Amino acid sequence: MGFARACSVALVGVEGVVVEVQADLEPGVAAFTLVGLPDKSLVESRDRVRAAVVNSGAEWPQKKLTVGLSPASVPKGGSGFDLAVACAVLGAAERIDPASIADVVMIGELGLDGRVRPVRGVLPAVLAAAEAGYRQVVVPEQTAGEAALVPGVSVLGVRSLRQLIAVLADESVPEEPPTDRGRPDSMLAGLMVPGAGLGTGLAPLSADGTVHRPDLADVAGQERARRALEVAAAGGHHLLLSGPPGAGKTMLAERITAILPPLSRQESLEVTAVHSVAGILPPGEPLISRAPYCAPHHSATMQSLVGGGNGLPRPGAVSLAHRGVLFLDEAPEFSGRALDALRQPLESGHVVVARAAGVVRLPARFLMVLAANPCPCGRHTLAGAGCECPPSAVRRYQARLSGPLLDRVDLRVEVEPVGRADLMGSGGCGESSEVVAARVREARGRAGERLAGTPWTTNSEVPGHELRTRLVAAPGALMAAERDMERGVLTARGLDRVLRVAWTVADLRGADRPDASDIAVALELRTGIQRGIPMRVGAL
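If you're wondering where the values come from, they're calculated on a predicted model, not measured in any experiment.

Concerning the pattern of salt bridges
Side-chain pairing between opposite charges can occur once the charged atoms of the two side chains come close.
Then, in step 1: Scanning the entire structure with this criterion turns up 31 salt bridges.
Then, in step 2: Between R323 and E267 there is a salt bridge, with the nearest N and O atoms lying 3.8 Å from each other. Taken as a pair, R323 in the loop between α11 (317-320) and β12 (325-328) and E267 in helix α9 (residues 265-278) lie far apart in primary sequence, 56 residues in all.
Then, in step 3: Judged by its relative accessible area of 22%, R323 falls in the partly exposed class.
Then, in step 4: By relative accessible area, which is 17% here, E267 ends up buried.
Then, in step 5: A salt bridge links E431 to R439; its shortest N-O distance comes to 2.7 Å.
Then, in step 6: What makes R439 buried here is its relative accessible area of 14%.

Dropping the structure here:
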């Protein structure tokens, strides 16, 4: 009787659970039994592993073989267990030393010819292995760079099962022919889900390592909306752009990622882990350093926004936009259930999806940008434009954005139509994204110094209790906000969000704390009521 074990990782959402793959050989009729709550794709690994072992030059044991995946209570799926199953079987058959694979985590799919194919979710799987105390990982060669992002882990990238057997048996490693040049690498097909990356804003880098981004200087006029965009980027505040069609709402939203600061190391790992599980990592870019941009169509379902799918839920649009921008164009056209499902992630920064197969917690801290027309035809706010929508239709259309959802939006800006002078003349050319991004980085730096030693990094994350007790505004600055709260214009949550925006406005102008003018700007950005304060927050 022979016994051996190896290790692999089962992904539950974007978190991993280390799974011990045990192989047991007993005398009896040759059979292959796989136990441990596997799904259909994992059950099929029996045929893949048998063919890969035989085609790699090793002998398949003609005994009763039982492979157990422990813990058995955790659902397991996917083809990433193939490599660990094959090595456990070979260890039980004494083709390789069982002690050499006992504490090695193996992740990879096996082809029938023995080649090791890459799978999705390598980064979160290696992160889970490192947290569990494992220090040796074997992954497909194509994903070795992604696995090497985890510090303190020794990564071995292999092309085939033959190479891995030779390394474990201390034999000469055979050379594997490279993929045919002049055509796409077919081995990368398992990493990218067709069409899943559309609309995420993560285009692959060009040959010189740069990527083209729309520039804010392309926007003609729209001074107020540009300033609101700057405040949103500096503090991570949610933004609503409302106005007639053709005013530039989508154009403005597409340029917000260009003024966002680069992701930190920890944020990059979080974003890369989500996108690796979803299968939308850009080719040749194992670590995402740019803020993602996700713009789902208004026909998107609630499950596609917050996460769902058969079995355990998969990341939705709110998770793909983690640490980036979620843009909902034509927001009133989204279903009410889909929009109201955004309330929890807007407050908590994560989404908890419960299904029959289990409960999954997915990261979802994003900057939400909504774009909406004033009425079904879009001409309600235009003088002499001939809007024929009855008042009841206008009210129903605007009511599609519920009050609780709008209460979580910090900035609400009316985008006016662009005039001929701004569009055709030189006066409409504003500051470039590079200039605005520099101010945003400086404001984020001031906020980071102030919030050092706290779990928060941006003003939009600071709880209201802290803003009212420790991070207080200048004396007498809150008089206008308190009056609005007494009149019912502001809720308690709204007052907290006004304070957060005021701190961002103060950071943009280099002040130590917000004063009455900063509070007035924040109130105007939230309520839309003119306060007589110039909206030149970034130029002061």
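Focus: the packing of aromatic side chains
Then, in step 1: For the coordinates displayed, the defined rule picks out two aromatic pairs.
Then, in step 2: When the ring of Y293 is compared with that of F327, the centres are 6.3 Å apart and the planes differ by 25°; the resulting orientation is stacked. One end of the pair, Y293, is in strand β11 (residues 293-294); the other, F327, is in strand β12, and 34 residues separate them in sequence. Across the pair, exposure class does not vary: Y293 and F327 are buried alike.

Thoughts on the nonpolar core
Then, in step 1: Of all hydrophobic cores here, the largest spans 58 residues; its most connected members are L239, I256, V369, I519 and L525.
Then, in step 2: When residues in this core are grouped by element, the largest group, eight residues, is from helix α20 (residues 492-508).
Then, in step 3: Leave out the neighbours within four places in its chain, and V369 touches L239, L241, A253, I256, V325, L326, F327 and L328.

A short note on the sheet that holds β12
Then, in step 1: Strands sit in the order β11-β12-β15-β10-β16 across an open sheet of five strands; the sheet is parallel. Strands at the two margins of the open sheet, each flanked by one partner only, are β11 and β16 (411-414).
Then, in step 2: As paired strands, β12 and strand β15 (residues 367-372) are joined by four bridges and run parallel to one another. Paired with F327 across the bridge in β15 is V369.

A closer look at the pairing of strand β4 (residues 64-70)
Then, in step 1: When strand β2 (residues 15-26) meets β4, the two strands line up antiparallel, connected through seven bridges. When the sheet's bridge partners are listed, E20 is paired in β4 with S70.
Then, in step 2: Where strand β3 (residues 31-35) and β4 come together, five bridges link them in parallel fashion. For T33, the partnering residue across the bridge sits in β4 and is T66.

Describing helix α4 (residues 122-131)
Then, in step 1: The buried fraction of α4 amounts to eight of the ten residues, a majority that puts the element mostly inside the structure.
Then, in step 2: On its buried face, α4 sits against β1 (2-12), β2, β5 (105-106), β8 (136-140), α5 (144-147) and α9.

A look at a nonpolar patch on the surface
Then, in step 1: Residues L156, V167 and V173 make up a contiguous nonpolar surface patch of roughly 210 Å² in combined accessible area.
Then, in step 2: Its place among the elements puts V173 in the loop between α6 (161-168) and α7 (223-235).

Brief notes about the side chain of S402
Then, in step 1: Structurally, S402 is set in the loop between α14 (391-398) and α15 (403-406).
Then, in step 2: What makes S402 buried here is its relative accessible area of 15%.
Then, in step 3: Every residue in contact with S402, bar those within four places of it in the chain, is listed here: D340 and R343.

Here's the deal with the environment of S264
Then, in step 1: Within the secondary structure, S264 sits in the loop between α8 (249-253) and α9.
Then, in step 2: Residues S264 and S289 lie 25 residues apart in sequence; the distance between their C-alpha atoms is 7.5 Å.

Looking at the packing of α4 against α9
The description of two helices packed together rests on the angle between their axes and the distance between the axes.
Then, in step 1: α9 packs onto α4 with a crossing angle of 120° between their chain directions and a minimal axis gap of 7 Å. Taken as axis vectors, α4 and α9 run oblique relative to one another. Taken together, the residues of α9 that come into contact with α4 (itself represented by V122, L123 and P124) are L269, T272, A273, S276 and V277.

Quick word on unusual backbone geometry
Then, in step 1: A cis amide bond, omega 10°, links S70 with the succeeding residue P71.
Then, in step 2: Turning to its location among the elements, P71 is positioned in the loop between β4 and α3 (82-92).
Then, in step 3: Although it is not a glycine, E94 sits at a positive phi angle of roughly 65°.
Then, in step 4: Looking at the element boundaries, E94 is found in the loop between α3 and β5.
Then, in step 5: Here D170, not a glycine, exhibits a phi torsion of approximately 60°, which is positive.
Then, in step 6: You can see D170 is positioned in the loop between α6 and α7.
Then, in step 7: Note on D170: relative accessible area 71%, which makes it exposed.

Some words on the pairing of strand β13 (residues 350-355)
Then, in step 1: Of the strand pairs in this sheet, β13 and strand β14 (residues 358-363) are connected by six bridges, and their pairing is antiparallel. Residue pairing across strands places R355 opposite G358, the latter belonging to β14.
Then, in step 2: Linking two consecutive strands that pair antiparallel, namely β13 and β14, is a turn of two residues.

Some points on the environment of R227
Then, in step 1: Its place among the elements puts R227 in helix α7.
Then, in step 2: For the pair R227 and L525, spaced 298 residues apart in sequence, the C-alpha to C-alpha distance is 9.8 Å.

Describing helix α21 (residues 516-527)
Then, in step 1: The end-to-end C-alpha distance of α21, which contains twelve residues, comes to 16 Å, matching closely the 16 Å that a straight helix rising 1.5 Å per residue would cover.
Then, in step 2: Most of α21 is tucked away: nine of the twelve residues are buried.
Then, in step 3: Here the buried face of α21 lies against α7, α15, β16, α19 (479-486) and α20.
Then, in step 4: Note on α21: the residue one or two positions beyond its end, G528, has a positive phi of about 80°.

About the criteria used
- Residues numbered from 1 in each chain as written.
- Predicted model: local features only at pLDDT ≥ 70, side-chain atom pairs only at ≥ 80, totals over all residues.
- Heavy atoms only, no water.
- Salt bridge = Lys/Arg side-chain N within 4 Å of Asp/Glu carboxyl O.
- Helix = DSSP H or I, 4+ residues; strand = E, 2+ residues; numbered from the N terminus.
- Buried < 20%, exposed > 50% of the residue type's maximum accessible area, 1.4 Å probe, protein only.
- Phe/Tyr/Trp six-rings, centres within 6.5 Å; stacked < 30°, edge-to-face > 60°.
- Core = buried A, V, L, I, M, F, W, Y, C linked by side-chain atoms within 4.5 Å.
- Contact = heavy atoms within 4.5 Å.
- Pairing = 2+ DSSP bridges.
- Patch = residues over 30% accessible without salt bridge, like charges linked within 9 Å, V, L, I, M, F, W, Y side chains within 5 Å.
- Areas by Shrake-Rupley, 256 points an atom, 1.4 Å probe, with all protein chains shown as cover.
- Axes fitted to C-alpha atoms, helices over the stretch in contact; angles between N-to-C directions.
- Parallel < 35°, antiparallel > 145°, perpendicular 65-115°, else oblique.
- Expected span 1.5 Å × (residues − 1).

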